Amino acid sequence: MKKYEKILKVLANINRLKILLYLVRHTDVAVGDIATRCNISYKTVSKHLGMLYQADVVDRSRRQTEMHYRISDTMHPIASTVIKYIQK
């Protein structure tokens, strides 16, 4: 039950949903690009991405001085279902 609670809590935020929707449409994106495109501050995007990463919803990789994020291939089915619905 704790895992479900963690995933649902991390998905229950409009900014995190905006970020996820952007990542669904654009793979492997730098934090600054996400912040600009979603009209959310860099610091806020970074915080939300950290939460999504801890919940295994997104993956990240370092490219020189920037972190790049993408949707995780191994995310929980609940997160996958939510992402499917926000794409519509």
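Okay, so let's go over this structure. Because the structure is predicted, anything quoted here is derived from the model rather than measured.

**Digging into the overall build of the chain**
Turning to step 1, where the next piece is worked out: A tally of regular secondary structure across the chain gives five helices and three strands.
Turning to step 2, where the next piece is worked out: Taken from N to C terminus, the helices and strands of the chain fall in the order α-α-β-α-α-β-β-α.
Turning to step 3, where the next piece is worked out: Since a compact globule built from 88 residues should have a radius of gyration of about 12 Å, the 12 Å found for the chain is in line with a globular shape.
Turning to step 4, where the next piece is worked out: With the principal axes as the frame, the chain shows a C-alpha extent of 35 × 25 × 20 Å.
Turning to step 5, where the next piece is worked out: The buried share of the chain, reckoned over its 88 residues, is 34%.
Turning to step 6, where the next piece is worked out: Of the contacts formed within the chain by residues at least 6 apart in sequence, a portion of 54% connects residues at least 24 apart.
Turning to step 7, where the next piece is worked out: For the chain, the exposed area adds up to about 5,700 Å²; of that, 50% sits on carbon and sulfur atoms.
Turning to step 8, where the next piece is worked out: Across the chain, 16 positive and 7 negative side-chain charges occur, with their mean positions spaced 7 Å apart.

**As for the pairing of strand β3 (residues 66-71)**
Residues in a regular strand point their side chains to alternate faces of the sheet.
Turning to step 1, where the next piece is worked out: Note that strand β1 (residues 29-30) and β3 share two bridges and pair antiparallel. Residue pairing in the sheet places Ala30 in a bridge with His68 of β3.
Turning to step 2, where the next piece is worked out: Across six bridges, the pairing between strand β2 (residues 58-63) and β3 is antiparallel. Bridging across to β3, Ser61 finds its partner in His68.
Turning to step 3, where the next piece is worked out: Remark: two residues form the turn of the hairpin made by β2 and β3, two consecutive strands paired antiparallel; Gln64 in that turn has positive phi of roughly 55°.

**Focus: the environment of Leu17**
Turning to step 1, where the next piece is worked out: Along the chain, Leu17 falls in helix α2 (residues 14-25).
Turning to step 2, where the next piece is worked out: Sequence-wise, Leu17 and Ile83 are 66 residues apart; in three dimensions their C-alpha atoms are separated by 8.1 Å.
Turning to step 3, where the next piece is worked out: Excluding residues that lie within four positions of it along the chain, Leu17 makes contacts with Leu11, Val82 and Ile86.

**Looking at the pattern of salt bridges**
Turning to step 1, where the next piece is worked out: Within the structure shown, the criterion is met by five salt bridges.
Turning to step 2, where the next piece is worked out: Residue Lys3 pairs with Asp56 through a salt bridge whose shortest N-O separation is 3.6 Å. Of this pair, Lys3 sits in helix α1 (residues 2-11) while Asp56 is found in the loop between α4 (42-54) and β2, placing the two residues 53 residues apart along the sequence.
Turning to step 3, where the next piece is worked out: Classification of Asp56 by relative accessible area gives partly exposed; the value is 40%.
Turning to step 4, where the next piece is worked out: For the salt bridge of Asp28 with Arg63, the shortest nitrogen-to-oxygen distance reads 2.5 Å. With a gap of 35 residues between them, Asp28 in the loop between α2 and β1 and Arg63 in strand β2 connect regions that are remote in the sequence.
Turning to step 5, where the next piece is worked out: On the basis of relative accessible area, Asp28 is assigned to the partly exposed category, the value being 24%.

**Things to note about the nonpolar core**
Turning to step 1, where the next piece is worked out: Counting residues in hydrophobic clusters, the biggest one holds 24 residues, and the most contacted among them are Leu23, Ile34, Leu49 and Val57.
Turning to step 2, where the next piece is worked out: Elements supplying a minimum of two residues to this core: α1, α2, α3 (31-38), α4, β3 and α5 (77-86).
Turning to step 3, where the next piece is worked out: Those residues in contact with Leu49, other than ones at most four positions away along the chain, are Ile19, Leu23, Val31, Ile34, Val58 and Tyr69.

Rules used throughout
- Residues numbered from 1 in each chain as written.
- Predicted model: local features only at pLDDT ≥ 70, side-chain atom pairs only at ≥ 80, totals over all residues.
- Heavy atoms only, no water.
- Helix = DSSP H or I, 4+ residues; strand = E, 2+ residues; numbered from the N terminus.
- Rg over C-alpha atoms; globule rule 2.2 N^0.38 Å.
- Buried < 20%, exposed > 50% of the residue type's maximum accessible area, 1.4 Å probe, protein only.
- Contact = heavy atoms within 4.5 Å.
- Areas by Shrake-Rupley, 256 points an atom, 1.4 Å probe, with all protein chains shown as cover.
- Lys, Arg positive; Asp, Glu negative; His and termini not counted.
- Charge placed at Lys NZ, Arg CZ, Asp CG, Glu CD.
- Pairing = 2+ DSSP bridges.
- Salt bridge = Lys/Arg side-chain N within 4 Å of Asp/Glu carboxyl O.
- Core = buried A, V, L, I, M, F, W, Y, C linked by side-chain atoms within 4.5 Å.

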